[in-house]
Amino acid sequence: MNPIIEIRGLSYTYPDGKQALHEINLTIKTGEKVALVGANGAGKSTLLLSLNGVLQGEGAVFINGIEVKRENLRYIRAMVGIVFQNPDDQLFSPTVFEDVAYGPMYQGFSKVMVQERVKQALQAVRMEDYVNRNPHHLSHGEKKRIAIATVLSMQSQILALDEPTSELDPRARRELIALLLELPQTMIVATHDLDLARQLTTRTVLLSQGRIIADDITTNILNNEILLTDHELN
Amino acid sequence: MWQVRMESNSPVHRADARVKVTLTLAFILFLNMAPHQAWPIYILFLTVLLSMILLARMSIWRVIRRTLLVTPFILAAFPLIFSGPVPHLSISIFGSDVIKYSPEGLGRFISIAVKAWLSTSAAIMLTLTTSFPDILTALAYYGVPKLFIAILGLMWRYLFIINDEVLRMMRARDSRSAVTPCTQQVGGSLFWRARVTGSMVGSLLLRSLERSVRLYAAMLSRGYNGELFTLEANALSHTERRILSLGVLLLGVLWGMSLFIGD
């Protein structure tokens, strides 16, 4: 199967001089569900933001064979849907409908098509009854679902989720994991919730101080207590 | 927290914030009390400012670049060129077209522009060489109400948090501003984009209000009762008093001279 994500020698340094990624090489195949695990500051979020060119470092990132660079960014962003850690960053419209419709509207789809996309996306996250609600008044778990719907409506082939279970109560967390398991997209999930990685993904990449330390089947990595302890995940 | 002050160990940076705040206020006050078209005096004020920049070991261009923010405000005085006192002179543009302008109005406009630019430069010099908490301490020393200082301090602290929030929001929006080969026209209409921006601003306002409520609750739980306490500042040293007096005297003399030169 062809790789949908290919990262070659990616390094990224923030303007304050902190090097967040060092020579990352990673290939992900279509349909794979991969966990990016690591302690705080390991570079997980930086790597996710590099997938759609929000951050651009040295080295190269290819999505479906198209290089992530300035002139391709708008096409890349249709393929990579990022769900940010804090749903409040993602939801800025007065109604759920407008938030979910933002992507397809920007893409220039007709009104009928936009409505259809919004309906499908909200059905996928089981939030179709919330279409006219104000996102600001929803619970954190509900906001997370709507945030996922905002990228599903763009029919992105890749879902990049940043700490999807953070700040969720046990029930909302369980429901979100069940939802993510149903979605067919290629998924890359940055998290330090090891249970989430175990339940959702088949492959895990362990990042530490901006470097890939291990890349293996999820159970192999999560059963390696010494490795997890050495990298502050236990 | 983001810091405007540029680190250095120059005498200007080391000087007491109260001295710098007073001299900056005196500079702005005397300069703006000087009459219009006192060009030699403006040059002397500029010389004082340039000397301070050099003494602070800062790049002149860096200061000038920051003063560009005053440009739109200067334009408010632009109509003076045409509405100034008579006599009005005519100049021809593009051959037959003639416009009338007032030489006196033009002089006033340039005076206002020069004064505004010099005043902004002095204020920027103050912020580049003094940390914001030091400026607040200096204001408290001069009796500015504590509540006003507390509001300034909280604004400064939360301005940067809101700035980060805006950045994250724009990142999230840009991540969904995509193009697909299936459609012809992308980006939506201007009206729609303006609505989205308006919604973002509204959402930011709601979050800021909620944050302020949480912050107030946190302040109350730490014993806040409407009164703020600041540490007592040390008295100014003899040298600092001397510098302060000489500085104010020099600026006062420049203003006095301007009364014999300007309009």
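Criteria and thresholds
Residue numbers restart at each chain and count upward from 1, following the sequence in its written direction. The naming scheme follows written order: chains are lettered A onward, ligands numbered 1 onward. Local features in this predicted model are restricted to residues whose pLDDT is 70 or higher, and side-chain atom pairs enter the listing and the counts only when it is 80 or higher, whereas totals over whole chains, interfaces and linings include all residues. Each helix is a run of DSSP H or I of at least 4 residues and each strand a run of E of at least 2, with the numbering of both proceeding from the N terminus. Residues are called buried when their C-beta atom has 20 or more other C-beta atoms within 10 Å, exposed when it has 12 or fewer, and partly exposed otherwise; all C-beta atoms are positioned from the backbone. Here contacts are defined at the residue level, using C-beta atoms placed from the backbone and a cut-off of 7 Å between them. Two strands pair under a simple rule: DSSP has to find at least two bridges between them. The angle between two axes is taken between their N-to-C directions and runs from 0 to 180 degrees, where each axis is a line fitted to C-alpha atoms and a helix contributes only its stretch in contact.

Trainee: Give a detailed account of the overall build of chain A, specifying residues and quantitative values.
Mentor: Check the secondary structure of chain A and you find 10 helices and 10 strands. Within the span of chain A, comprising 234 residues, buried residues form 47% of the whole. Across chain A, contacts joining residues at least 24 apart in sequence account for 66% of those joining residues at least 6 apart.

Trainee: Provide a residue-level description of the sheet that holds strand 5 (residues 66-67) of chain A, including the pertinent values.
Mentor: Residue and element names in this part refer to chain A. Ordered in space as 2-1-4-5, the four strands form an open sheet in which the pairing is antiparallel. If you trace the sheet from one side to the other, it starts and ends with strand 2 (19-29) and strand 5, each paired once. Two strands pair when backbone bridges link them, and strand 1 (residues 3-13) and strand 2 are joined in this way by seven bridges, in the antiparallel orientation. By the bridge assignment for strand 2, Pro3 is matched with Lys29.

Trainee: Can you tell me about the interface of chain B and chain A, naming the residues and giving the values?
Mentor: With 24 residues of chain B at the contact, the number on the chain A side is 25 residues. Where the side of chain B that touches chain A is concerned, the elements lending two or more residues are helix 9 (146-175) and helix 10 (190-221) of chain B. For the side of chain B that touches chain A, the element with the most residues is helix 10 of chain B, which contributes seven residues.

Trainee: Now, about the sheet that holds strand 8 (residues 186-191) of chain A: what can you tell me, with residues and values included?
Mentor: All names here are of chain A. Strand order in this open sheet of six strands is 6-7-8-3-9-10, and the pairing throughout is mixed. A single partner strand is all that each edge strand has here, and the edge strands are strand 6 (80-83) and strand 10 (211-217). Between one strand axis and the next, the sheet turns by 15° as a mean value, whatever way the strands run. The pairing of strand 3 (residues 33-37) with strand 8 spans five bridges and is parallel. Pairing of Lys33 across the sheet is with Met187, part of strand 8. Lying on the sheet, helix 6 (residues 140-152) is in contact with strand 6 and strand 7 (158-162); it crosses strand 6 at an angle near 165°.

Spatial relationships are all this shows, so hold off on functional conclusions.
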